[in-house]
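# An overview of the molecular structure
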2 protein chains.
Amino acid sequence: MGQKCSHSRIIAALDCDNAVEVAEKIGNYVRAFKVNYPLVLKKGLKVIGEISKFGEVIADFKIADVPHISSQIAECAFESGARGVIVHAFVGSDTLREVVRVAERFEGDVYAVVELSSEGGREFMSGVAEKLAKVAKEAGCRGIVAPATRVERITRLRKVAGDMIIISPGVGAQGGDACEALKAGADFIIVGRSIYTGDPVKSVVSLLERIKQEGLDGQ
Amino acid sequence: MGQKCSHSRIIAALDCDNAVEVAEKIGNYVRAFKVNYPLVLKKGLKVIGEISKFGEVIADFKIADVPHISSQIAECAFESGARGVIVHAFVGSDTLREVVRVAERFEGDVYAVVELSSEGGREFMSGVAEKLAKVAKEAGCRGIVAPATRVERITRLRKVAGDMIIISPGVGAQGGDACEALKAGADFIIVGRSIYTGDPVKSVVSLLERIKQEGLDGQ
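### Observations concerning the relation of the copies chain B and chain A
Turning chain B through 180° and shifting it by 0.0 Å along the axis lays it on chain A, with an RMSD of 0.0 Å. Read as a symmetry element, the transformation amounts to a two-fold axis. Of the interface residues in chain B, 100% have counterparts in chain A that sit at the interface too, so the contact is made through matching surfaces.

### Some details on the sheet that holds strand 6 (residues 143–145) of chain B
By way of backbone hydrogen bonds, the strands of a sheet pair with one another, either parallel or antiparallel. Residue and element names in this part refer to chain B. In spatial order, the strands read 1-2-3-4-5-6-7-8; together these eight strands close into a barrel with parallel pairing. Taking each pair of neighbouring strands and ignoring which way they run, the sheet shows an average axis angle of 25°. Bridge count between strand 7 (residues 165–171) and strand 8 (residues 188–191): three bridges; the pairing is parallel. Counterpart to Ile167 in the pairing with strand 8 is Phe188. Across the sheet, helix 11 (residues 200–213) is in contact with strand 1 (10–13) and strand 8; its angle to strand 1 comes to roughly 155°.

### Let's talk about the interface of chain B and chain A
The partner chain A presents 42 residues to the 42 residues of chain B that form the contact. With both chains or domains summed, chain B and chain A bury close to 3,300 Å², and 68% of this area falls on carbon and sulfur atoms. The largest contributions to the chain B side of the interface with chain A come from B:Leu41, B:Phe90 and B:Phe124, which together make up 23% of the buried area. Summed over the shared surface of chain B and chain A, the result is two salt bridges. Between A:Asp65 and B:Lys62 there is a salt bridge whose closest N-O contact spans 3.0 Å. The tally of links between chain B and chain A comes to twelve residue pairs in polar contact (both at pLDDT 80 or more). Those elements that provide at least two residues to the side of chain B that touches chain A are helix 2 (37–43), strand 3 (57–63), helix 4 (67–79), helix 5 (93–105), helix 6 (121–124) and helix 7 (129–138) of chain B. Broken down by class, the residue content of the side of chain B that touches chain A amounts to 21 nonpolar, eleven polar and ten charged.

### A word on the sheet that holds strand 2 (residues 32–36) of chain A
Residues and elements named next belong to chain A. An order of 1-2-3-4-5-6-7-8 is seen for the eight strands of this closed barrel, with the pairing classed as parallel. Here the average twist between neighbouring strands, direction ignored, is 25°. Pairing of strand 5 (residues 109–113) with strand 6 (residues 143–145) involves three bridges; the strand directions are parallel. Following the sheet pairing, Ala112 is matched in strand 6 by Ile144.

### Some details on the packing of helix 1 (residues 19–26) of chain B against helix 11 of chain B
Residue and element names in this part refer to chain B. Closest axis-to-axis distance for the helix 1/helix 11 pair is 9 Å, and the angle between their directions is 45°. One finds that helix 1 runs oblique with respect to helix 11. Helix-helix and strand crossings are classified by hand; for helix 1 and helix 11 the assignment is right-handed. Along the contact surface, helix 1 presents Val22, Lys25 and Ile26, while helix 11 presents Pro200, Val201 and Val204. In the contact of helix 1 with helix 11, the residues fall into five nonpolar, no polar and one charged.

The rules we used
- Residues numbered from 1 in each chain as written.
- Chains lettered and ligands numbered in written order.
- Predicted model: local features only at pLDDT ≥ 70, side-chain atom pairs only at ≥ 80, totals over all residues.
- Heavy atoms only, no water.
- Least-squares fit on C-alpha atoms with pLDDT ≥ 70 in both.
- Contact = heavy atoms within 4.5 Å.
- Pairing = 2+ DSSP bridges.
- Helix = DSSP H or I, 4+ residues; strand = E, 2+ residues; numbered from the N terminus.
- Axes fitted to C-alpha atoms, helices over the stretch in contact; angles between N-to-C directions.
- Buried area = accessible area lost by both parts, 1.4 Å probe.
- Salt bridge = Lys/Arg side-chain N within 4 Å of Asp/Glu carboxyl O.
- Polar contact = N/O pair within 3.5 Å; in protein donor to acceptor, adjacent residues only side chain to side chain.
- Nonpolar A, V, L, I, M, F, W, Y, C, P; charged D, E, K, R; others polar.
- Parallel < 35°, antiparallel > 145°, perpendicular 65-115°, else oblique.
- Left-handed = near helix turned anticlockwise from the far one by under 90°.

If you want it as structure tokens, here you go:
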């Protein structure tokens with residue numbers, strides 16, 4: 001967790017080859033890091049441990065397999081130092097429960113995707129996203145993943161999510177606006193390309209300032 | 001592809017730590033190997049290349065991310081020697097198209113999951129599985145993944161799938177029957193634990209014989 005900004009509402013998606021370097025630079029300004037498969041497949045699971053030196057890591061593996069495979073994937077993530085994993089709710093409550101069971105052994109968190117931020121997320125997920133959030137809650141997930149690209153969806157999902165954490169990807173390069181997503185009910189926004197493709201510190205500080213100016217920094 | 005049994009309708013799921021060893025033993029008896037994340041995360045992407053010495057590899061990554069991440073995951077698989085990847089259709093047609101586009105560069109195949117073989121597959125996938133198969137077909141997927149645990153679903157999905165290949169997991173440990181799945185319309189059955197937990201050659205030869213006895217060996 002950041003020291004300068006423990007109240008930061010930014011989760012940095014490190015979908016870049018120099019992920020560890022970026023993590024070291026911005027660790028003090030973000031709430032957590034999100035890593036996903038292209039990075040982990042290229043660098044190995046050890047990259048999770050390396051990044052976790054600079055902040056909490058959420059393994060965005062979008063786990064979507066049958067229960068006995070999904071639980072093994074979650075184990076790989078937590079054993080490597082992740083504090084959270086992301087799973088798809090669409091695959092059903094048995095998988096969700098298994099992944100939550102693994103997370104509990106590691107005192108980790110599970111976040112369930114209920115609707116992807118991409119256009120395709122509208123096709124089969126939007127229509128059942130509220131139901132997915134309900135199933136995720138019942139299974140013991142700590143939070144849900146909802147699209148900052150469609151903030152009206154965050155508002156609707158917040159009603160079902162209750163006190164679950166909502167984390168929202170799609171800010172920046174995908175078109176979503178950080179402040180709009182937070183206003184709509186997201187607890188944390190996930191920002192990737194617009195941080196790591198420029199000057200990471202400058203980008204993240206600038207974003208933090210804007211969030212503060214809008215009175216959304218939670219202080 | 002196997003030499004002794006090029007007509008084999010078995011795809012071996014190598015969800016075991018000694019995957020390369022098992023692959024070497026049974027390569028001549030199966031149509032392809034299926035590997036998934038727990039193995040690849042533990043052994044590294046290079047395990048795909050090692051297994052591919054003994055037969056074609058399908059990377060069962062159940063890709064379920066936004067398009068620009070999904071395409072990177074597919075690239076990792078194909079660059080490592082996979083001949084096919086498995087993607088989830090419920091994430092929408094944009095992701096499917098992106099993964100197919102990557103596969104085409106490698107002359108590889110894409111198989112789309114339309115319904116998981118686990119119980120949770122009934123909750124949100126069964127009801128839209130036919131639509132998912134249609135979307136997968138339109139996106140250019142080579143085949144779909146449909147549950148051998150519910151053979152009546154294979155029969156229904158075959159009607160939508162047309163000439164797409166149907167591969168069916170859930171045979172053996174999960175309760176599905178190989179011959180029933182083939183009769184229902186699957187082209188290939190995916191068998192994991194019931195092969196690698198015993199004597200792999202004995203198990204796979206025994207299964208091949210049973211398929212032949214039932215006249216389902218496609219010869």
